[in-house]
Amino acid sequence: MRPLHIALAALVAAVWGVNFVVIEIGLGHFPPLLFSALRFLAAALPAVFFVGRPKVAWKWIVSVGLVLGVAKFGLLFIGMDRGMPAGLSSLVLQVQAVFTTLFAALALGERPGRTRVLGMGIALAGIGVAAVDEGASGPALAFALVIAAAACWGVSNVLTRKAAPPDSLNFMVWVSIVPVLPLLGLSLLFEGWDRDADALAALDWSGIGIIVYVAWITTVFGFGAWGFLLRHHPASSVAPFTLLVPVFGMSSAALLLGESVSPLRWCAAVLLVGGVALTSSAGARRPSPAMAETVEPQSARV
């Protein structure tokens, strides 16, 4: 990769890592489900008028929109709202690579090789260490919600692989339309009209800036730049940069939010990132040519 493209890949990883800190701050302004709805609304508008018509069937847009937008992000935002630290969330969410491999084996017939199985085991050991560390000081339910969010991300990854969108930015913008109304409905049902109305009435430039970052910087710029890199370089050269996301997430949370990083959490980070690296880099055995669809690997986007 050219030095400029390496710098761009590192910048995208930094943007996605710092996003967890921005989410943490944003949860002080908005209830979690409303916040998630506003994020997708801002990501879809006005971008949907500039990216062209959808390039995959609507069934894939709707299914990924519901699983990724409503389930994954809803659970993540609720988990962080209930006390899951931003830095730890950026790390634990990477277990989505393990869930993706498991669900791909079930749904697509992809059999993980020995190296990938070893990577999954190491990554799960890292999750176990992180759970022990968090269990000693934080709410177990919040930790479980982020794990559930990672599982939903794994399902959406498999759906995206089946859809095989030729343009990741176009796909993400159209997917962003789907969760808006379901998330707003769930917010009204569980968070209440009064709480939502108070949050919107108190909207200031800080809140607007948070929405702009999580929607336009993280989603529109991040996906656009990532798609550009994947069009110019092999996925195997670009995908490893996603392993920097929890590094930026944990370090920015420590610097900007004052989150402490215990020795156990560093141990969990080494195990999880190392396991995800093995899981992501090792090839999967496919049972037949008919099942061998070539698609870009899913990254650690949020």
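Small disclaimer: the values here were computed from a predicted structure and weren't measured.

Draft legend 1. Focus on the confidence of the model for the chain. Within the chain, residue pLDDT values average 86, and 89% of them lie at 70 or more. For the chain, strand β2 (residues 284–285) is the element with the lowest average pLDDT, namely 50, and helix α9 (residues 180–190) is the one with the highest, namely 97. Of the regions scoring below 50 in pLDDT, residues 286–300 engages in 31 contacts with residues more than four places distant in sequence or in other chains.

Draft legend 2. Geometry of the packing of helix α8 (residues 168–177) against helix α11 (residues 205–232). Where α8 contacts α11, the two axes come as close as 8 Å, and the packing angle between them is 155 degrees. It follows that α8 is roughly antiparallel to α11 by the angle criterion. Together, Ser 168, Leu 169 and Met 172 of α8 and Thr 219, Val 220, Phe 223, Gly 224 and Gly 227 of α11 make up the contact between the two elements.

Draft legend 3. View of the nonpolar core. Counting residues in each nonpolar core, the largest one holds 85 residues, and the members touching the most others are Phe 35, Leu 76, Val 92, Leu 93, Val 95, Phe 143 and Trp 226. With near-sequence residues (within four places) excluded, Val 92 lies in contact with Met 84, Ile 127, Ala 130, Phe 143, Val 146, Ile 147 and Leu 272.

Draft legend 4. Here's a closer look at the pattern of salt bridges. Under the defined criterion, the tally for this structure stands at one salt bridge. In this structure, Lys 55 engages Asp 167 in a salt bridge whose closest nitrogen and oxygen atoms are separated by 3.5 Å. Remark: Asp 167 occurs in the loop between α7 (140–163) and α8 and Lys 55 occurs in the loop between α2 (32–44) and α3 (58–81); sequence separation between them is 112 residues. For Lys 55, a relative accessible area of 48% gives the class partly exposed.

Draft legend 5. Seen up close, α7. Helix length check: α7 (24 residues) gives 35 Å between terminal C-alpha atoms against 34 Å at 1.5 Å per residue, within 8%. The buried fraction of α7 amounts to 17 of the 24 residues, a majority that puts the element mostly inside the structure.

Draft legend 6. Region of interest: the environment of Val 247. For Val 247, the position within the fold is in helix α13 (residues 245–257). On the basis of relative accessibility, which here comes to 47%, the residue Val 247 falls in the partly exposed class. Between the alpha carbons of Val 247 and Val 18 there is a distance of 9.7 Å; along the sequence they are 229 residues apart.

Draft legend 7. Structural view of the packing of aromatic side chains. A complete count under the given rule lists six aromatic pairs for this structure. For the ring pair Trp 58 and Trp 174, a centre distance of 5.6 Å and an interplane angle of 85 degrees mean the geometry is edge-to-face. Of this pair, Trp 58 sits in helix α3 while Trp 174 sits in helix α8; the two residues are 116 residues apart in sequence, bridging distant segments of the chain. The class of Trp 58 is partly exposed, set by a relative accessible area of 48%. Residue Trp 174 is classed as buried on the basis of its relative accessible area of 15%. Seen in terms of ring centroids, Phe 99 and Phe 103 are 6.0 Å apart; in terms of plane orientation they differ by 20 degrees. Their pairing is stacked. Here Phe 99 pairs with Phe 103, and both are found in helix α5 (residues 96–107), just four residues apart, close to one helical turn. An aromatic cluster of at least three residues, connected via ring pairs, comprises Phe 30, Phe 35, Phe 40, Phe 73 and Phe 77. Here the guanidinium or amino end of Arg 39 rests over the ring plane of Phe 40, the centre of that ring lying 5.1 Å away.

Reading guide: rules and limits
Residues numbered from 1 in each chain as written. Predicted model: local features only at pLDDT ≥ 70, side-chain atom pairs only at ≥ 80, totals over all residues. Heavy atoms only, no water. pLDDT = per-residue confidence, 0-100. Helix = DSSP H or I, 4+ residues; strand = E, 2+ residues; numbered from the N terminus. Contact = heavy atoms within 4.5 Å. Axes fitted to C-alpha atoms, helices over the stretch in contact; angles between N-to-C directions. Parallel < 35°, antiparallel > 145°, perpendicular 65-115°, else oblique. Core = buried A, V, L, I, M, F, W, Y, C linked by side-chain atoms within 4.5 Å. Buried < 20%, exposed > 50% of the residue type's maximum accessible area, 1.4 Å probe, protein only. Salt bridge = Lys/Arg side-chain N within 4 Å of Asp/Glu carboxyl O. Expected span 1.5 Å × (residues − 1). Phe/Tyr/Trp six-rings, centres within 6.5 Å; stacked < 30°, edge-to-face > 60°. Lys NZ or Arg CZ within 6 Å of the ring centre and 35° of its normal.

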